[in-house]
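Survey of secondary and tertiary structure
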Amino acid sequence: MKKTPKSKSLDSLQKQTAYLFVAPFLAGFLLLFLPMIAKTVFFAFNNIKLSGDGYTTTFVGIDNFYQATMVNPDFKGQLILALRTLATELPTVLVLSLFVAVILNMNFKGVTAVKAIFFVPVLLATGIVLKVEQSSGILTQLQEITSVTTGTDIDMAQFTAITSLLERINLSPQIMDVIVSAANGIYNVLNSCGVQIFIFLAGLQTIPTALHEAASVEGCTAWEFFWKVTLPILSPIILVNAFYTVVDIFTKPTNTFFNFTDRVAFYDNNFGVATAMNVIYLVVVALILFLVWFAFRKKIYYENL
Amino acid sequence: MQLNSDRLKSKTGKTVFNILLFLLLFGFCFLILQPFVLKIMSAIKDPIDINDKTVGLIPKHFSLYYFELALNKMNILSSTLISFLLSLIVSVSQLFACTLTAYALARLKFKGRNLIFLCTILVLLVPPQAYSTAMYMNFRFFTFLEINLINNPLSIFLLSALGVGFKSGLYIYLLRNYFINLPKELENAAFVDGASPIRTFFSIILPNANVMLATVFLFSFCWQWTDTFYSDLLFPQMETFNKVISGIQIFSTDKGFYDSYATTIVQNAACVIMLIPIMIIFLACQKFFIKSIATSGLAN
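Residues numbered from 1 in each chain as written. Chains lettered and ligands numbered in written order. Predicted model: local features only at pLDDT ≥ 70, side-chain atom pairs only at ≥ 80, totals over all residues. Heavy atoms only, no water.

**Notes on the overall build of chain A**
For chain A, the count of helices and strands is 12 helices and 2 strands. When the helices and strands of chain A are read in sequence order from the N terminus, they spell out α-β-β-α-α-α-α-α-α-α-α-α-α-α. Taken over 305 residues, chain A has a buried fraction of 46%. Counting only contacts in chain A whose residues sit at least 6 apart along the sequence, the fraction spanning at least 24 positions is 62%. Here chain A displays about 16100 Å² of accessible surface, and carbon together with sulfur accounts for 66% of that area. (Helix = DSSP H or I, 4+ residues; strand = E, 2+ residues; numbered from the N terminus. Buried < 20%, exposed > 50% of the residue type's maximum accessible area, 1.4 Å probe, protein only. Contact = heavy atoms within 4.5 Å. Areas by Shrake-Rupley, 256 points an atom, 1.4 Å probe, with all protein chains shown as cover.)

This is the structure:
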């Protein structure tokens, strides 16, 4: 079909309007996001003083970083705590959400209700609700009010029960520590799973039923199918979920690291050092993410993305 | 190869499997719902019951005393109005910006598409807490005119409408996935009928995507409703729920009991009150919304 000079092909039309479509995002990225990141890095090398009308910056080189790592007594502890939380929560959340997604992919009576229930923490147990729960949990522990049901951390009784039970088996304290914190953390982990379950479910739905039938014809068991078909298809989604979980753990209001840097910034009036801390944190996390990606890149199966 | 009990031949095998499944799911659901049940149960108690050690979950004396306290302390009218306005602004503008970007990334071929997609991933990956100082400075001395945009909804409107708001990266990713899975014939059919890409987008793609759009709107609205980060940073003087609930301090109540935990209970009661509109919306849209998880956005 000859193209007349006046009419355009779909492709070129699309090409023209595409830039219009991404214009808002590009504007935001170039005018808001990038400058903020650049400013963050810039602030990390400066000493910031807020005056009445503006702020003044004096270049101090790597002094902020030096202060953060060598002088400030709490920074290293906070960073290590944050990374340890990440190391324990990330695999737990991923495995649990995959497990739940596989279960919810089944069709049984009441699956809609269960899906709705798993969605509740995503919408409700965030932000201020989480903050209140955490602060009242600490309060309850401080005052040792075990008979008052204040709708807060439910772990106290279970904590002692599990600990005493495990003590009888004479496990080494480290293993016991891990098990007990895993058991206690199940509530936190469950609450962190919502969006990941959603993403996994969406991914599971993309497995064509033809594959199921072909596999059963070949005599494949469900277990084999899971490892040989489902997991490879899901692998890019697992990676995305891993990245999202890492970010999600950091953006929870219960994450103490950023509370700590905020305190340094706003109460100690030390914006420069706080920014340096944030930058160090970002670099460490970026390293970890890069390592994760590097380790698994061969195993990720891309199908006409 | 669905995970179900069909492959177990014996009836007892089937029953055992179903029972185990039921127990597991019941346990999970219990863990998830328990805090909310606890919150509500303790908030409808009378202070006498709180001090009474024989009272467990079910209160002996029903009273809305704590709810009244919460309502008083919450300035319910102004905080609801302000939170509603903020959430609406954020969700509508995010929906707008993210849908446009996601569609272009998913279906329109243009140079630099992959680069822009990488940029959205970057926006997704960097938590806003990390650049909170720069964000504060940015909006405190906005542009070379040095306008103070703190306590002004314009700040978060700009962030959301330009696609770099709270969790915008996630919405772009979800929407992009959804658009990729739409049938490829839609644009071709529209083109043959003489529609421009913009017209195609608004008249054909969007109506097909209304489930996903509703999901993104719901997420965005609810997350902004309960948000603490932007409230603390950009709106410290505005009466958002975050400010109001965090500021609840009860030293003594007029019932005369030593209420050291009154603060806790009132804060939790306030949270329950705050969550009521969200729960109503969620229950109302539930079918619509669960369907989006069920179909994962497949148009058929």
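**Structural notes on the side chain of serine 91 of chain B**
Residue and element names in this part refer to chain B. Along the polypeptide, serine 91 turns up in helix H4 (residues 76-107). Among the polar contacts made by the side chain of serine 91, one reaches the main-chain carbonyl oxygen of serine 87 at a distance of 2.5 Å. If sequence neighbours within four positions are ignored, serine 91 has contacts with Phe217, Ser220 and Phe221. (Polar contact = N/O pair within 3.5 Å; in protein donor to acceptor, adjacent residues only side chain to side chain.)

**Observations regarding the interface of chain B and chain A**
Residue-level contacts link 107 residues of chain B with 104 residues of chain A. The junction of chain B with chain A conceals about 9800 Å² of combined surface from both sides, 77% of it contributed by carbon and sulfur atoms. At the boundary of chain B and chain A, one finds 1 salt bridge. Linking lysine 167 of chain B and aspartate 248 of chain A is a salt bridge whose minimum nitrogen-to-oxygen distance equals 3.1 Å. On the surface where chain B and chain A come into contact, there are 5 residue pairs in polar contact (both at pLDDT 80 or more). A per-element tally of the side of chain B that touches chain A places helix H14 (residues 262-295) of chain B first, with 16 residues. Of the residues assigned to the side of chain B that touches chain A, the class counts are 69 nonpolar, 26 polar and 12 charged. (Buried area = accessible area lost by both parts, 1.4 Å probe. Salt bridge = Lys/Arg side-chain N within 4 Å of Asp/Glu carboxyl O. Nonpolar A, V, L, I, M, F, W, Y, C, P; charged D, E, K, R; others polar.)

**Side note on the confidence of the model for chain B**
All names here are of chain B. Confidence in the prediction of chain B, expressed as mean pLDDT, is 80, and 86% of residues score 70 or more. Confidence scores differ between elements of chain B, with helix H2 (residues 47-51) showing the lowest mean pLDDT of 68 and H4 the highest of 90. This model gives residues 296-300 a pLDDT under 50, and the stretch forms 10 contacts once residues within four places in sequence are excluded. Predicted complex metrics record ipTM = 0.79 and pTM = 0.82. (pLDDT = per-residue confidence, 0-100.)

**Focus: unusual backbone geometry**
Residue and element names in this part refer to chain B. Although it is not a glycine, asparagine 151 sits at a positive phi angle of roughly 65°. Relative to the assigned elements, asparagine 151 resides in the loop between helix H6 (132-140) and helix H7 (153-161). Positive phi, close to 60°, is recorded for lysine 167, a residue that is not glycine. Among the structural elements, lysine 167 can be located in the loop between H7 and helix H8 (168-180).

**Focus: the packing of helix H10 (residues 222-251) of chain A against helix H12 (residues 271-296) of chain A**
Residues and elements named next belong to chain A. Two elements in contact, H10 and H12, have axes whose closest approach is 11 Å; the angle formed by their N-to-C orientations is 160°. Judged by the inter-axis angle, H10 sits roughly antiparallel to H12. Between H10 and H12 lies a crossing of right-handed hand. In this structure, H10 uses Leu239, Phe243, Val246 and Phe250 to contact H12, whose residues at the interface are Tyr281, Val285, Leu289, Val292 and Trp293. (Axes fitted to C-alpha atoms, helices over the stretch in contact; angles between N-to-C directions. Parallel < 35°, antiparallel > 145°, perpendicular 65-115°, else oblique. Left-handed = near helix turned anticlockwise from the far one by under 90°.)

**Details of the confidence of the model for chain A**
Overall, the prediction assigns chain A a mean pLDDT of 76, with 78% of residues at 70 or greater. Note on residues 144-157 of chain A: pLDDT under 50 across the span, and 36 contacts to partners over four residues away in sequence or across chains.

**What about the packing of H8 of chain B against helix H11 (residues 210-225) of chain B?**
Relative placement of two packed helices is described by the angle separating their axes and the distance separating the axes. All names here are of chain B. Following both chains from N to C, one finds H8 and H11 inclined at 170°, their axes separated by 10 Å at the closest point. By the angle between their axes, H8 is roughly antiparallel relative to H11. Between H8 and H11, the residues in contact are Leu170, Tyr171, Leu174, Leu175 and Tyr178 and Met212, Leu213, Val216, Phe219, Ser220 and Trp223, respectively. Looking at the contact of H8 with H11 residue by residue, the classes come out as 10 nonpolar, 1 polar and no charged.

**Focus: the environment of threonine 99 of chain B**
Residue and element names in this part refer to chain B. Looking at the secondary structure, you find threonine 99 in helix H4. Exposure remark for threonine 99: the relative accessible area of 5% places this residue in the buried category. In the structure, threonine 99 is positioned 82 residues away from asparagine 181 in sequence and 15 Å away in space, judged by C-alpha atoms. Non-local contacts of threonine 99, meaning those with residues more than four positions away in its chain, are made with Gln94, Leu175, Phe179, Phe201, Leu206 and Leu213.

**What to know about helix H3 (residues 75-104) of chain A**
Its 30 residues place the ends of H3 of chain A 42 Å apart at the C-alpha level, agreeing with the 44 Å of an ideal helix rising 1.5 Å per residue. Of all the bends found along H3 of chain A, the most pronounced is centred on glutamate 89 of chain A and spans about 25°, while proline 91 of chain A, a proline, follows it within four residues. (Expected span 1.5 Å × (residues − 1). Bend = angle between axes of the 7 residues up to and from the residue.)

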